[in-house]
Amino acid sequence: DQQVKQNSPSLSVQEGRISILNCDYTNSMFDYFLWYKKYPAEGPTFLISISSIKDKNEDGRFTVFLNKSAKHLSLHIVPSQPGDSAVYFCAAQTSGSARQLTFGSGTQLTVLP
Amino acid sequence: EAGVAQSPRYKIIEKRQSVAFWCNPISGHATLYWYQQILGQGPKLLIQFQNNGVVDDSQLPKDRFSAERLKGVDSTLKIQPAKLEDSAVYLCASSLWGGKEEQYFGPGTRLTVT
């Protein structure tokens, strides 16, 4: 049972345009959400996070939106740059002492020059 | 600040052989995680340590996988005996205290079981 789903395995965007990556979750116990970026042969790198008490968090070109009623979050990258081409993972953390992180399957973003 | 170190980076073994991976977390990080990432999937948590104690190992196949973090710093993950389906990237991550915070990942060890 996939608790965190990224339904788009790939996305191509023109340089300078907006990239929107989507993520859906099913577990109501998730209270903290993170986006990671992964280049080939490297480990995932933290990008941005959002707590369940917020609906938006911004960091430079990256903005994460959380819609708790729809159990949906999205990552917006504006403007997109060729260096943003990577696999993006959505991850969610459960409340409680262990705070296990559950990842989606990832979306390959390609930004075309 | 040095990142999470892992070795080896690549390993090829035959099924039924054993293998061990090593991880050194970021200095001062109390929490250490081992993940398994199968091709085309997201990382899946195998085990989580808080200092030298196990917090969660519910997804660790304990009949063949073992992990330890004896002095609360570096850690080893062992597979014995390996199966074909163990072919994956094994990622180590660490975080300051295991709460609402980001985890920092190492580069991973790519294991191929033939």
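Our subject is the structure listed above.
How each quantity is defined
Residues numbered from 1 in each chain as written. Chains lettered and ligands numbered in written order. Predicted model: local features only at pLDDT ≥ 70, side-chain atom pairs only at ≥ 80, totals over all residues. Heavy atoms only, no water. Disulfide = S-S within 2.5 Å. Helix = DSSP H or I, 4+ residues; strand = E, 2+ residues; numbered from the N terminus. Contact = heavy atoms within 4.5 Å. Buried area = accessible area lost by both parts, 1.4 Å probe. Salt bridge = Lys/Arg side-chain N within 4 Å of Asp/Glu carboxyl O. Nonpolar A, V, L, I, M, F, W, Y, C, P; charged D, E, K, R; others polar. Phe/Tyr/Trp six-rings, centres within 6.5 Å; stacked < 30°, edge-to-face > 60°. Buried < 20%, exposed > 50% of the residue type's maximum accessible area, 1.4 Å probe, protein only.

Visitor: Before we move on, could you go through the state of the cysteines and cite the residues and values that matter?
Guide: Residue and element names in this part refer to chain B. Applying the stated criterion across every chain yields a total of two disulfides over all chains. What pairs with C23 in a disulfide is C92, and their sulfur atoms sit 1.9 Å apart. The S-S bond linking C23 to C92 shows a torsion near -70 degrees; that makes this disulfide left-handed. In this pair, C23 is assigned in strand β3 (residues 19–24) and C92 in strand β9 (residues 88–95), connecting sequence segments 69 residues apart.

Visitor: How would you sum up the interface of chain A and chain B? Please name residues and give values.
Guide: Each side of the interface is counted separately: chain A has 20 residues, and chain B has 24 residues. Both faces combined, the contact of chain A with chain B buries some 1600 Å², and carbon together with sulfur accounts for 53% of it. Across the contact surface, chain A and chain B share one salt bridge. K100 of chain B is the partner of D31 of chain A in a salt bridge, and the nearest nitrogen-oxygen pair spans 3.9 Å. For the side of chain A that touches chain B, the secondary structure elements donating two or more residues are β4 (30–38), β5 (45–51), β9 (86–94) and β10 (101–103) of chain A. The element best represented in the side of chain A that touches chain B is β4 of chain A, accounting for five residues. Taken together, the residues of the side of chain A that touches chain B break down into 10 nonpolar, six polar and four charged.

Visitor: An account of the packing of aromatic side chains is requested, with residue identities and associated values reported.
Guide: All names here are of chain B. Scanning all chains against the criterion turns up 13 aromatic pairs over all chains. Ring centres of Y35 and F105 lie 5.3 Å apart, and the angle between their planes is 45 degrees; on these two criteria the pair is classed as tilted. Highlighted residues: Y35 in strand β4 (residues 31–37) and F105 in strand β10 (residues 104–105), separated in sequence by 70 residues. The two residues Y35 and F105 agree in class, both being buried. With centroids separated by 6.4 Å and ring planes inclined at 40 degrees, the aromatic side chains of F65 and Y90 adopt a geometry described as tilted. With F65 in strand β7 (residues 65–68) and Y90 in strand β9, this pair connects stretches of sequence that are 25 residues apart. For the residue pair F65 and Y90, the accessibility class agrees, reading buried in each case.

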